[in-house]
Amino acid sequence: MNRTNQSTIIKAEIDDLLTSGVKDKQEIYSKVVDKLGVPRPTVRRVAGDHRNELLAKISILQSEAQTAEKTE
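Reading the values: rules and limits
Residues numbered from 1 in each chain as written. Predicted model: local features only at pLDDT ≥ 70, side-chain atom pairs only at ≥ 80, totals over all residues. Heavy atoms only, no water. Core = buried A, V, L, I, M, F, W, Y, C linked by side-chain atoms within 4.5 Å. Buried < 20%, exposed > 50% of the residue type's maximum accessible area, 1.4 Å probe, protein only. Contact = heavy atoms within 4.5 Å. Salt bridge = Lys/Arg side-chain N within 4 Å of Asp/Glu carboxyl O. Helix = DSSP H or I, 4+ residues; strand = E, 2+ residues; numbered from the N terminus.

Section: the nonpolar core
- With eleven residues, the main nonpolar core is built from Ile 10, Ile 14, Leu 17, Val 22, Ile 28, Tyr 29, Val 32, Val 38, Val 43, Val 46 and Ala 47.
- Leave out the neighbours within four places in its chain, and Val 43 touches Ile 10, Tyr 29, Val 32, Val 33 and Val 38.

Here is the structure:
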């Protein structure tokens, strides 16, 4: 499994766990490690990357919302 594909699979598994109501990050890491058999540091790295990507998207949406409010 290449790194890009592995990251995509780990991100999807993290999203599934969050959607199912798991909120504790240590529990998420453990479940992903157990299910996918990847090293915990890899899961932590991918989770950090995923968090940063989501924060960037949120920032874009917030700036778009502020721009829309100013033009109204």
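What follows picks up the thread again.
Some points on the pattern of salt bridges
- Following the criterion strictly, the structure yields four salt bridges and no others.
- The partner of Glu 53 in a salt bridge is Lys 11, with the nearest N and O atoms 2.9 Å apart. Taken together, the residues Glu 53 in helix α3 (residues 40–71) and Lys 11 in helix α1 (residues 3–19) connect sequence positions 42 residues apart.
- Relative accessible area serves as the criterion here: at 19%, Lys 11 is assigned to the buried category.

Description of the environment of Arg 45
- Inspection of the secondary structure puts Arg 45 in helix α3.
- Arg 45 sits 41 residues away from Thr 4 along the chain, and the two C-alpha atoms are 13 Å apart.
- Apart from the residues within four sequence positions on either side, Arg 45 is in contact with Arg 3 and Ser 7.

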